[in-house]
Amino acid sequence: MESPLLSVNGLKVHFPVHGGVLKRQIGAVRAVDDVSLTIAPGETLGLVGESGCGKSTLGKAIVRLYRPNAGQIVFEGRDITRASQSQIRPLRRDMQMIFQDPSESLNARHSVRSILEEPYIIHNIGTKEERRRWVNELLDRVGLPSSSADKYSFEFSGGQRQRIGIARAIALKPKLIICDEPVSALDVSVQSQVLNLMLELQQEMGLAYLFIAHDLAVVKHISDRVAVMYLGKIVELADADEIYRDPRHAYTQALLSAIPVADPRAKKKRILLEGDVPSPINPPAGSAFGHRISHPLYEQTMDKDLRLTELSPDHFVAADPCCLSPADYAAVAKASQ
Amino acid sequence: MSEVLLDVRKLITAFDTDAGLLRAVDQVSFSVKKRQTLGIVGESGCGKSVTAMSIVKLLPQPSGRIIEGEVWFKERNLATISAAEMRKIRGNEIGVIFQEPMTALNPVHRIGKQLSEGFILHKGMNKKEAWDASIEMLKLVRIPAPEQRIGDYPHQLSGGMRQRIVIALALACRPDLIIADEPTTALDVTVQAQILDLIKERQEQLGTSMILITHDLGVIAETCDEVVVMYGGRVIERAPVDEIFHNPRHAYTKGLLASMPHLDTPRKTILPVIPGMVASLQDFVTGCRFCQRMKREGAVLRERPLYQEISPRHWVEACPVCVESL
């Protein structure tokens, strides 16, 4: 296997929780708790999970908008976990981010031209003339007329704004883009336009994406592999087709069965979960999902290592007796020894 | 079965704006039968929420008003009754569920007080009776430990719990009709599944009819009996749910269904798209508004297509370009 573009090992991002009169730290939100993954050049890794599972925090920690508490982020062979802000800046040429709400991530006081020129100015690339030409090329590439350059972001619809957000992200020809719910705020017919644009750009520029979303059909469509997160941890990671066809972890199965299918003739069995995702503040020890479904084996998982283990080639699941069939659990328990 | 509960006839709702009087809902007609769930689907700005708000007269004031049409509900025309009469119906005979439970609940009152209010106002109960009835409602929407929860404030509950409270509020007086505007859009899929399941179960139990407004075609397919597709303030297609998904006739409905990635669409392939976007309200043409989006020209933009029944129970806005083999 070729060396990964990005590899994340045992990453933890915890936020302190303060309380009491003295505002002492009384706990921590374990937003990302021991997460490991890799992304190959030109690959899309989908990251799904419910709100509060830590998927956005993971994305932001990778581009170092958050400081990890432990673990390692290696980008193109360089450990960037502890890199200073000045060391990070040149890296941002290769690693960009697209946000969910383009109206909040684009400065309304700047014209589209100045938004799109900014990356070049920050990184000191090109002359004024060249930058002008590049901005026009960028707009053309994302399907906006060049007359858009002198308008402001609020003059555009949601889909067009997201195109501007994408244009800004690809301005410096990055290798990896972290996409945090890039199409969730868009209407169905506009969503497919933006997804197509992202697929085309990936082909042309060899981009890798970490595609974070909660819409499982969208994630499946754009991803090569998919990781499922639950309460700060990855519980299953596999090829996109395989994870939808043959999910092995109980949470993945429940999540997939909950997607409404746009076909009234589809007869499906739904696994209904009780309750909500538990709070990541001082989460239950052991299997968090086992705790939610009050699994009889939950007690046994409290002192066990539930790490992600390879069940079959390139199909990883958390070694959790509550969430796997007995045969699968026996297989991963054997593999992890 | 086929008894009509709500009959909306050629409803026109308009807003006073700086650009003049703009029609957000332009001659919309549909009906809801007893025990039936009608889905209204469409993209932002298509008028689906304004239609719902017109029925219960919760239009933004003073700019929004019904300027034409009738809304028949149990032998009364809601379009013409007074605000005081409407207050007796809303929350009593018609329950409303909104998308964002935090805005539907009053943050400074306890859950119990908000639930009791309906019972006291509409059913003439005293405080004690209303409180007990409220606990029963919380049980009905499967809130754990209802005796404790009833004393909570909305912010103490999770999003899914709050939406259950809003459902409890809507169901409290055993309405004949529930209007649910994107009831699960702000929720996660596993919680959405719980909520939809809950609404369906209670609806069957109480024999309630429902209008479900959503942009999610999956939710429509799983919960509705009949579907209304709106575009540009108009109903462009209306049919039983199976017809809409398996025999759509209007080009917009077809495009909408095709542009959604399905779990069985081959991965990383270019999706079919509907080019362009919805025109803004003040730019809408009289003729076919989907033709306007597709940048077609000529008579289709000038003459409003007839809204007609092309096969039993299947209605379309019969634009000769958008609907094949008329």
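Residues numbered from 1 in each chain as written. Chains lettered and ligands numbered in written order. Predicted model: local features only at pLDDT ≥ 70, side-chain atom pairs only at ≥ 80, totals over all residues. Heavy atoms only, no water.

A word on the domain arrangement of chain A. Residue and element names in this part refer to chain A. Each assigned domain of chain A is listed here: domain 1 (6–94 + 172–335) and domain 2 (105–171). With 19 residues of domain 1 in contact, the opposing surface of domain 2 contributes 15 residues. Sorting the residues of domain 1 by area buried against domain 2 places Leu 172, Leu 197 and Leu 201 first, and these three jointly supply 40% of that buried surface. Remark: the boundary between domain 1 and domain 2 carries two salt bridges. If you list the elements that add at least two residues to the side of domain 1 that touches domain 2, you get helix H2 (85–91) and helix H7 (188–205). (Domains from an automatic or database assignment. Contact = heavy atoms within 4.5 Å. Buried area = accessible area lost by both parts, 1.4 Å probe. Salt bridge = Lys/Arg side-chain N within 4 Å of Asp/Glu carboxyl O. Helix = DSSP H or I, 4+ residues; strand = E, 2+ residues; numbered from the N terminus.)

Attention now moves to the interface of chain A and chain B. Contact residues are listed per partner, giving 47 residues for chain A and 45 residues for chain B. In total, chain A and chain B occlude about 3800 Å² of area from one another, counting both sides; carbon and sulfur atoms represent 55% of this. Summed over the shared surface of chain A and chain B, the result is six salt bridges. The salt bridge partner of Asp242(B) is Arg265(A), with a shortest N-O separation of 2.7 Å. Among the elements that take part in the side of chain A that touches chain B, H7(A) stands out by supplying 11 residues, more than any other. Looking at the side of chain A that touches chain B residue by residue, the class counts come to 19 nonpolar, 14 polar and 14 charged. (Nonpolar A, V, L, I, M, F, W, Y, C, P; charged D, E, K, R; others polar.)

Before going further, it helps to examine the sheet that holds strand E6 (residues 94–97) of chain B. All names here are of chain B. Spatially, eight strands are ordered E6-E7-E8-E3-E9-E10-E12-E11 in an open sheet, and the strand pairing comes out mixed. In the strand order of this sheet, the two ends are held by E6 and strand E11 (307–311), each with one partner. Going across the sheet, the axis of each strand differs from the next one's by a mean of 20 degrees, ignoring polarity. Direction of pairing for strand E10 (residues 234–240) relative to strand E12 (residues 314–317): antiparallel, over a ladder of two bridges. Across the sheet, Arg 238 pairs through a bridge with Trp 315, a residue of E12. Against the sheet, helix H7 (residues 159–171) makes contact with E6 and strand E7 (177–181), and its axis sits at roughly 170 degrees relative to E6, the strand it touches most. The strands that helix H11 (residues 251–259) touches are strand E9 (226–231) and E10; relative to E9, the one it contacts most, it runs at about 100 degrees. (Pairing = 2+ DSSP bridges. Axes fitted to C-alpha atoms, helices over the stretch in contact; angles between N-to-C directions.)

On to the packing of aromatic side chains. The full count for this structure, using the stated rule, is 10 aromatic pairs over all chains. Plain terms: the ring middles of Tyr231(B) and Tyr252(B) are 4.5 Å apart, the flat faces sit at 55 degrees to each other, and that makes the pair tilted. Linking Tyr231(B) in strand E9 with Tyr252(B) in helix H11, this pair joins segments that are 21 residues apart in sequence. Judged by relative accessible area, which is 0%, Tyr252(B) ranks as buried. The structure contains a cluster of three or more aromatic residues connected by ring pairs, namely Tyr230(A), Tyr251(A) and Phe289(A). Between Lys220(A) and the ring centre of Tyr244(A), over which it is positioned, the NZ or CZ distance is 5.9 Å. (Phe/Tyr/Trp six-rings, centres within 6.5 Å; stacked < 30°, edge-to-face > 60°. Buried < 20%, exposed > 50% of the residue type's maximum accessible area, 1.4 Å probe, protein only. Lys NZ or Arg CZ within 6 Å of the ring centre and 35° of its normal.)

One frequent convention defines the size of an interface as the accessible area lost when the parts assemble. Residue and element names in this part refer to chain B. Domain boundaries assigned for chain B yield domain 1 (4–93 + 173–317) and domain 2 (94–172). On a C-alpha basis, the centroid separation for the pair domain 1 and domain 2 is 27 Å. Listed as interface residues are 35 residues of domain 1 and, on the opposing side, 21 residues of domain 2. Interface area, domain 1 with domain 2, both sides summed: about 2400 Å², of which 64% is carbon and sulfur. Applying the counting rule to domain 1 against domain 2 returns one salt bridge. We note a salt bridge from Glu 201 to Arg 142, for which the minimum N-O separation is 2.7 Å. Secondary structure elements with two or more residues in the side of domain 1 that touches domain 2: helix H2 (83–89), E7 and helix H8 (189–206). Sorting elements by how many residues they give to the side of domain 1 that touches domain 2 places H8 first, with 10 residues.

All names here are of chain B. Covered by surrounding structure in E6 are Ile 94 and Val 96 together with Gly 95 and Ile 97, the residues of both alternating faces. Inspection of the sheet shows E6 paired to E7 by four bridges, in the parallel sense. Pairing of Ile 94 across the sheet is with Leu 177, part of E7.

Attention shifts here to the sheet that holds strand E3 (residues 44–48) of chain A. Where strands meet in a sheet, backbone hydrogen bonds hold them as pairs that are either parallel or antiparallel. Residues and elements named next belong to chain A. With mixed pairing, eight strands are arranged side by side in an open sheet as E6-E7-E8-E3-E9-E10-E12-E11. Unpaired on one side and paired on the other, strand E6 (95–98) and strand E11 (308–312) mark the two borders of the sheet. Strand-to-strand twist of the sheet, defined as the mean angle between neighbouring strand axes without regard to direction, takes the value 20 degrees. Sheet analysis places strand E10 (residues 233–239) next to strand E12 (residues 315–318), joined by two bridges and oriented antiparallel. Bridge pairing in E12 places Glu 236 opposite Val 317. Along the sheet, helix H12 (residues 326–335) makes contact with E11 and E12, crossing E11 at roughly 115 degrees.

Another point: the nonpolar core. By size, the foremost hydrophobic cluster in this structure holds 68 residues, and its most contacted members are Ile166(A), Ile170(A), Ile177(A), Met198(A) and Phe211(A). Those residues in contact with Phe211(A), other than ones at most four positions away along the chain, are Thr44(A), Leu45(A), Gly46(A), Leu47(A), Cys179(A), Pro182(A), Leu195(A), Met198(A), Val218(A), Val219(A) and Ile222(A). Ile143(B), Met210(B), Val229(B) and Phe290(B) belong to the second-largest nonpolar core, a separate cluster that totals 62 residues. (Core = buried A, V, L, I, M, F, W, Y, C linked by side-chain atoms within 4.5 Å.)

A few words now on the pairing of E9(B). Note on strand geometry: in a regular strand, side chains alternate between the two faces of the sheet. Residue and element names in this part refer to chain B. Taken across its six residues, E9 has six buried, putting it largely inside the fold. When strand E3 (residues 37–41) meets E9, the two strands line up parallel, connected through four bridges. Its bridge partner being in E9, Ile 40 is matched across the sheet by Val 228. Pairing between E9 and E10: six bridges, direction antiparallel.

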